[in-house]
Amino acid sequence: DQQVKQNSPSLSVQEGRISILNCDYTNSMFDYFLWYKKYPAEGPTFLISISSIKDKNEDGRFTVFLNKSAKHLSLHIVPSQPGDSAVYFCAASANSGNQFYFGTGTSLTVIP
Amino acid sequence: DAGITQSPRHKVTETGTPVTLRCHQTENHRYMYWYRQDPGHGLRLIHYSYGVKDTDKGEVSDGYSVSRSKTEDFLLTLESATSSQTSVYFCAISQGVRELFFGEGSRLTVL
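Residues numbered from 1 in each chain as written. Chains lettered and ligands numbered in written order. Predicted model: local features only at pLDDT ≥ 70, side-chain atom pairs only at ≥ 80, totals over all residues. Heavy atoms only, no water.

K.L.:
Summarise the overall build of chain A; cite the residues concerned and give the values.
P.N.:
Summing up its helical and strand segments, chain A has zero helices and eleven strands in all. Counting from the amino terminus, helix and strand elements in chain A follow one another as β-β-β-β-β-β-β-β-β-β-β. The C-alpha radius of gyration of chain A comes to 13 Å, within 12% of the 13 Å expected for a compact globule of 112 residues. Burial status across chain A gives 46% buried among its 112 residues. Within chain A, residue pairs in contact and separated by at least 24 positions form 54% of the contacts whose partners lie at least 6 positions apart. When the accessible surface of chain A is split by element, carbon and sulfur atoms take 48% of a total near 5300 Å². Distance between charge centroids for chain A: 2 Å, based on 9 positive and 9 negative side chains. (Helix = DSSP H or I, 4+ residues; strand = E, 2+ residues; numbered from the N terminus. Rg over C-alpha atoms; globule rule 2.2 N^0.38 Å. Buried < 20%, exposed > 50% of the residue type's maximum accessible area, 1.4 Å probe, protein only. Contact = heavy atoms within 4.5 Å. Areas by Shrake-Rupley, 256 points an atom, 1.4 Å probe, with all protein chains shown as cover. Lys, Arg positive; Asp, Glu negative; His and termini not counted. Charge placed at Lys NZ, Arg CZ, Asp CG, Glu CD.)

K.L.:
Which residues make up the overall build of chain B, and what values go with them?
P.N.:
If you tally the helices and strands in chain B, you get zero helices and eleven strands. Each helix and strand of chain B, placed in order from N terminus to C terminus, yields the pattern β-β-β-β-β-β-β-β-β-β-β. Computed over C-alpha atoms, the radius of gyration of chain B comes to 13 Å, within 12% of the 13 Å expected from 2.2 N^0.38 for 111 residues, which places it in the range of a compact globule. Along the first, second and third principal axes, the C-alpha atoms of chain B reach 35 × 30 × 25 Å. Split into buried and exposed, the 111 residues of chain B put 50% on the buried side. Here chain B displays about 5200 Å² of accessible surface, and carbon together with sulfur accounts for 47% of that area. In chain B, the 12 positive side-chain charges and the 13 negative ones have mean positions that sit 1 Å from each other.

K.L.:
I'd love a proper account of the interface of chain B and chain A, names of residues and values included.
P.N.:
Many authors give the size of an interface as the accessible area that is lost as the parts come together. In this assembly, 22 residues from chain B lie in contact with 20 residues from chain A. Taking both partners together, chain B and chain A bury about 1700 Å²; carbon and sulfur atoms supply 59% of that area. If you sort the residues of chain B by the area they bury against chain A, Leu-43, Val-97 and Arg-98 of chain B come out on top, with a joint share of 37%. Our enumeration of links across chain B and chain A arrives at one salt bridge. (Buried area = accessible area lost by both parts, 1.4 Å probe. Salt bridge = Lys/Arg side-chain N within 4 Å of Asp/Glu carboxyl O.)

K.L.:
Give me a nonpolar patch on the surface: which residues, what numbers.
P.N.:
Residue and element names in this part refer to chain A. On the surface, Ile-18, Ile-20 and Val-78 cluster together into a nonpolar patch covering about 220 Å² of accessible area. Within the secondary structure, Ile-20 sits in strand S3 (residues 19-25). Ile-20 sits in the partly exposed class, given a relative accessible area of 38%. (Patch = residues over 30% accessible without salt bridge, like charges linked within 9 Å, V, L, I, M, F, W, Y side chains within 5 Å.)

K.L.:
Which residues make up the pairing of S3 of chain A, and what values do they have?
P.N.:
The side chains of a regular strand alternate, first on one face of the sheet and then on the other. All names here are of chain A. Here S3 shows a buried face lined by Ser-19, Leu-21, Cys-23 and Tyr-25 and an unburied face lined by Ile-20, Asn-22 and Asp-24. Of the pairings in the sheet, the one linking strand S1 (residues 4-5) to S3 comprises two bridges and is antiparallel in character. Its bridge partner lying in S3, Val-4 is registered against Tyr-25. (Pairing = 2+ DSSP bridges.)

K.L.:
Break down the sheet that holds S1 of chain A for me, with residues and values.
P.N.:
Reading across from one edge, S1-S3-S8-S7-S6 (chain A) is the order of the five strands in this open sheet, with antiparallel pairing throughout. In the strand order of this sheet, the two ends are held by S1 and strand S6 (56-59) of chain A, each with one partner.

K.L.:
Describe the state of the cysteines, listing the residues and the values that go with them.
P.N.:
Counting across every chain of the model gives two disulfides over all chains. Cys-23 of chain A shares a disulfide with Cys-90 of chain A; S-S distance 2.0 Å. Looking along the S-S bond of the Cys-23 of chain A-Cys-90 of chain A disulfide, the torsion reads about -75 degrees, which is the left-handed sense. Note that Cys-23 of chain A is positioned in strand S3 and Cys-90 of chain A in strand S9 (residues 86-93), a separation of 67 residues in sequence. When its relative accessible area of 0% is taken as the criterion, Cys-23 of chain A is described as buried. Across the disulfide from Cys-23 of chain B sits Cys-91 of chain B; the S-S distance is 1.9 Å. (Disulfide = S-S within 2.5 Å.)

Here's what the structure looks like:
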């Protein structure tokens, strides 16, 4: 059973606009969330993370929002750039465990 | 960049043959993981290790075995490869559950 879900397989956005990628989770024990970016033929690279004690974390053009009551997080990219075109994976972990659980990914295309 | 090296990076083999993928790290991280990436499935955990000789199964462990005889090396073995194991395999390392670093991947094709 998928504990982390990314329900949008793909997303297209115009350059300069906002990209919003969504992620839902089911396990209330998850207390840390990460976003990874993956280009073709490369390994996933860490983008940004958030602890459950926060509801927002910002790093440059990237902001992650966490809504614990809804078990939902989102990644905002503003402004979107063509180089942001990649597959984005959401992941979750629990401090009591030693595994990371990944969503199925969202393929973002930023149109110049 | 985290010091993670996967080998081989590409391999084509035939059904029924054994295959071993190697992951080598220079970071002295405690945890090592093997994931596979498939379209529509994202990244799925095969096996992981929490120390030398300490390993556990992930969600898609059937048909795979692992070994970790040294902190720096984590081997993934397909005893008898099947076409369903055609995939891209990623090794990852971490010190806890707050960070995870991936290798470049190994593309395996089973004919």
